Amino acid sequence: MSPKKLTCVCLAFFLVSCQFTQLEAQLEVGYYSASCSIAEIIVRDEVRKGFMRDSGLAAGLVRMHFHDCFVRGCDGSVLIDSTPSNTAEKDAPPNNPSLRGFEIIDNAKARLESVCQGIVSCADIIAFAARDSTVMTRGLGWDVPAGRRDGRVSLASEASANLAAPSFNLNQLTQSFAGKGLTQEEMVTLSGAHTIGRSHCTSFSARLFGFNTTMEQDPTLDASYAARLRQQCPQGNTNPNLVVPIDPSSPTLMDTGYYMDVQANQGLFTSDQALLTDAATVNQVSQYAMNTFLWQSKFADAMVKMGNTDVLTGDDGEIRTDCRKIN
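Just so you know, these numbers come straight off a predicted model, no measurement behind them.

Each helix and strand in the protein was counted, giving 13 helices and four strands. Expected size for 327 residues packed as a compact globule is a radius of gyration near 20 Å; at 21 Å, the protein falls within 12% of this value. Considered along the principal axes of its C-alpha atoms, the protein spans approximately 70 × 55 × 40 Å. Within the protein, buried positions represent 46% of all 327 residues. Side chains of the protein give 27 positive and 35 negative charges; the mean places of these two sets differ by 2 Å.

And the structure:
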């Protein structure tokens, strides 16, 4: 190869390498170290105070990060309130009335605006809060790359179209996560977030009553567990606030009880039990059930990757003054 051609090839490689470096550097650990050094401390303090009042808020904040990132990317759009002319994400059926923890984000944002006005995005606050909630429920923490900016659009229709439903089968789950750049292995790992939190009866009642034309109950659901659920969520109940723990044995701990539940055919949702319908996912469930540290470390890595989904950086989006409305 001639020196001229070699120079061109090297230059092309350099440009491509720079492009990849720039993409990877969109978010940065310690992003606020110079502009607002106490940002993460303030968020952690507000999460701690909320957790002391209601330990279930930790699950809500982890779930909020998922639901934010799966719709328009991690841009804080899940926080925007509906208006007379627009129904926002938070009021879509997958989020309302089940999504909670908004007041924690509001409190953290108010404090941050008082000391670092216009610096810390709502999207980053959600990411910090999800990490802190994981730690407070005895999971492993992780360094949160930050620098996200806030989106200006929030549509209920997009939430319904992009969020995985509790009725999904394995193929649907895999495709839903693949659409966000996440592998099937990462999907199984992130499903472990169901080890904390609760569910409204309406999310799984179809497995208990009138499952299909020939069976009243989902045959893949452990009979004794199903009987307990039928007592907790009686047929025809009209209480929209009736909830049950997703992992009854340890609903406030980031442990591997969820995977043991799935192994015992006691996964609450169809999407949980779907993890036993393929040899690869069965093997992964088995590994996690036996090794808490393995799951917790993989979960931390997967959360970092998910938190980079379609982020807005640089001059895109904005830094909202109030997380509930665009500037």
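All of the buried residues in helix α7 (residues 170–178) are Leu 170, Leu 173, Thr 174, Ser 176 and Phe 177. Each buried residue of α7 lies within a common arc of 160° when the element is viewed along its axis, so the set occupies one face. Near the N-terminus of α7, the side chain that reaches the backbone nitrogen of Asn 171, with its oxygen 3.1 Å away, is that of Asn 169.

This part takes up the packing of aromatic side chains. A full pass over the atoms with the stated rule returns eight aromatic pairs. Measuring from centroid to centroid gives 5.0 Å for Phe 70 and Phe 177, while their planes differ by 70°, and the two rings are edge-to-face. Placement of the pair is Phe 70 in the loop between α3 (57–69) and α4 (102–115) and Phe 177 in helix α7, with a sequence separation of 107 residues. Take Phe 70 and Phe 177: they sit in the same class, and that class is buried. The interplanar angle of 45° and the centroid separation of 5.2 Å between the aromatic rings of Trp 295 and Phe 299 together place this pair among those described as tilted. You can see Trp 295 and its partner Phe 299 sitting in helix α13 (residues 292–306), four residues apart, about one turn around the helix. The class of Phe 299 is buried, set by a relative accessible area of 1%. Among the aromatic residues, those joined into a cluster by ring pairs are Trp 142, Tyr 258, Tyr 259, Tyr 288, Trp 295 and Phe 299. The ring of Phe 102 has Lys 90 sitting right over it, with the charged end atom 4.3 Å from the ring centre.

Per the counting criterion, the structure on display carries four disulfides. One disulfide bridge connects Cys 69 with Cys 74, the sulfur atoms lying 2.0 Å from each other. Disulfide Cys 69 to Cys 74: torsion about the S-S bond roughly 115°, handedness right-handed. By relative accessible area, Cys 74 is classed as buried at 0%.

Rules of the game
- Residues numbered from 1 in each chain as written.
- Predicted model: local features only at pLDDT ≥ 70, side-chain atom pairs only at ≥ 80, totals over all residues.
- Heavy atoms only, no water.
- Helix = DSSP H or I, 4+ residues; strand = E, 2+ residues; numbered from the N terminus.
- Rg over C-alpha atoms; globule rule 2.2 N^0.38 Å.
- Buried < 20%, exposed > 50% of the residue type's maximum accessible area, 1.4 Å probe, protein only.
- Lys, Arg positive; Asp, Glu negative; His and termini not counted.
- Charge placed at Lys NZ, Arg CZ, Asp CG, Glu CD.
- Arc of directions from axis to C-beta.
- Polar contact = N/O pair within 3.5 Å; in protein donor to acceptor, adjacent residues only side chain to side chain.
- Phe/Tyr/Trp six-rings, centres within 6.5 Å; stacked < 30°, edge-to-face > 60°.
- Lys NZ or Arg CZ within 6 Å of the ring centre and 35° of its normal.
- Disulfide = S-S within 2.5 Å.

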